[in-house]
Protein chains: 2
Amino acid sequence: MISEELLKKYRAVEVHLKKKEVLFNVGVNARYFFQVSTGKIKMNNFNEDGKEFIQGIFPPGSSFGEPPLFAELKYPAQAEAVEESSVWRLEKESFFKLLRENPETHLKLTKVLAGRLHYKATMVAEISTESPEHRLLKLIDYFKTHIHKIPEEEEYLVELSRQQMADLTGLRVETVIRTIKSLEKKGVVQLKSHKILR
Amino acid sequence: MISEELLKKYRAVEVHLKKKEVLFNVGVNARYFFQVSTGKIKMNNFNEDGKEFIQGIFPPGSSFGEPPLFAELKYPAQAEAVEESSVWRLEKESFFKLLRENPETHLKLTKVLAGRLHYKATMVAEISTESPEHRLLKLIDYFKTHIHKIPEEEEYLVELSRQQMADLTGLRVETVIRTIKSLEKKGVVQLKSHKILR
DNA sequence: TATTGTTTATGACCTAAATCATAAGAACAA
DNA sequence: TTGTTCTTATGATTTAGGTCATAAACAATA
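Quick summary incoming for the structure in this document. (Residues numbered from 1 in each chain as written. Chains lettered and ligands numbered in written order. Predicted model: local features only at pLDDT ≥ 70, side-chain atom pairs only at ≥ 80, totals over all residues. Heavy atoms only, no water.)

Overview of the protein's contact with DNA strand C
- The environment of DNA strand C is formed by 15 residues, the closest being P132(A), R172(A), T175(A), R178(A) and R162(B).
- In the model, a phosphate oxygen of DNA strand C is placed 2.9 Å from a nitrogen or oxygen of the R162(B) main chain.
- The side chain of K181(B) places a nitrogen or oxygen atom 3.2 Å from a phosphate oxygen of DNA strand C.
- Looking at the surface near DNA strand C, the elements that each hand over two or more residues are α7 (173-185) of chain A together with α7 (173-185) of chain B.
- Here the surface near DNA strand C gets four residues from one element, more than from any other, and that element is α7(B). (Near = heavy atom within 4 Å. Polar contact = N/O pair within 3.5 Å; in protein donor to acceptor, adjacent residues only side chain to side chain. Helix = DSSP H or I, 4+ residues; strand = E, 2+ residues; numbered from the N terminus.)

Right, dumping it as structure tokens:
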């Protein structure tokens, strides 16, 4: 997360997005650095027959879509506003200038990328080899401990919908619903008026 | 890739690994920066019933296993020598000193992480939503254009075994073999004495 | 050049999760 | 208050890819 002062200093501008508005598409070249100011942005893919995969959901303060900026690559996914949002947009050149002139910020950003790589490595191994039960528990636990940093013994109320969990784990809604039910029966998660507790 | 002079200057040492030897395990804390000197290292996971997933295969010059170093996390996968290999090993503290004192190297490393994040984002979307055919073609094309940087019109001889392709895409060997055959029938890849050309 | 191991190949069969259909409950807007 | 839409729920059916078994082709080693 880059501070607002710093962003403003390097001439970042705020861009407004309506719910479901797309900020950038798959396959285009990256020209800007983005950081969520308000709302929520997701990065996602669709296959030929419309099945969605969610790469990540970014709350205020998170940057997203930086890799193609560094590696001169095209966006592997699109960015879309989950709800009405605004994002800071910084020109690529200014962004690199900012990094050069603020080594501490560069290191912080490297740490963010490292964290994201860790999440992806975890999830891709899950998705490619594990059962729906295992995948969903891993997802829930990852959000609990790494995203929200909630201590093991404390209760965590999952804020994701069944559909979002499906799109994050490569499953189908029905499978998520059935699996969550069965996890409840086993007592590994609780359900309070459809909300998942763990 | 960090130059050998620089590595030596910061007191990196060379570690020798026999084929199949494990350098570090899942779940342990990262204490060193590693870069392949000779041979080939893979990072991989195994699920309960022994199914493997390959996170990446690293040739000489590539570093690997940096994310937990930055983000204070545990290794999400193990590192194992594919063949007899040697790797440079640099103490965590020396590594960060090196980065601070060599901003250009820090930027180069950030680019490496960005590239790897791009690969993972691409593959996880494939694995979670696409057919075996699509997954394998994407894998082959990714290796052709991004790893080996071979121009579109030139022919690429896939150096991966069917088993490795299976472990990189979350499929089973038999499925890879059958799918490659069917891709050959369709004329989208060629087979020359079992080697795949694209 | 026999032997052992690894990789590629193929058929038969089976199963977990996707698909399809339908509906009830919640949330939101008019 | 009544539509409208989104989310959760559940049963029936289908199917793609996994599993199992067996073998040929090839490579590596003694």
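Right, picking up where we left off after that structure.
Let's talk about the sheet that holds strand β1 (residues 13-17) of chain A
Residue and element names in this part refer to chain A.
- Across the sheet, which stays open at both edges, the four strands sit in the order β1-β8-β3-β6 with antiparallel pairing between neighbours. Edge positions in the sheet fall to β1 and β6 (63-64), since each has one partner strand and no second.
- With five bridges joining them, β1 and strand β8 (residues 85-91) adopt antiparallel strand pairing. Paired with L17 across the bridge in β8 is S85.
- Relative to the sheet, helix α3 (residues 92-101) contacts β3 (32-38) and β8, its axis offset from that of β8 by approximately 80 degrees. (Pairing = 2+ DSSP bridges. Contact = heavy atoms within 4.5 Å. Axes fitted to C-alpha atoms, helices over the stretch in contact; angles between N-to-C directions.)

Quick word on the protein's contact with DNA strand D
- In the vicinity of DNA strand D there are 16 residues, among which R162(A), P132(B), R172(B), T175(B) and R178(B) approach most closely.
- Within 4 Å of the protein, the contacting atoms of DNA strand D are 70% sugar and phosphate, with bases supplying the remainder.
- E174(B) is positioned such that a nitrogen or oxygen atom in its side chain is 3.4 Å from a base nitrogen of DNA strand D.
- The contact in question runs from a base oxygen of DNA strand D to an N or O atom on the side chain of R178(B), over 3.0 Å.
- Contributing elements (two or more residues each) for the surface near DNA strand D: α7 of chain A together with α7 of chain B.
- Along the lines of polarity and charge, the residues of the surface near DNA strand D split into three nonpolar, six polar and seven charged. (Nonpolar A, V, L, I, M, F, W, Y, C, P; charged D, E, K, R; others polar.)

That's the geometry; what it means functionally is another story.
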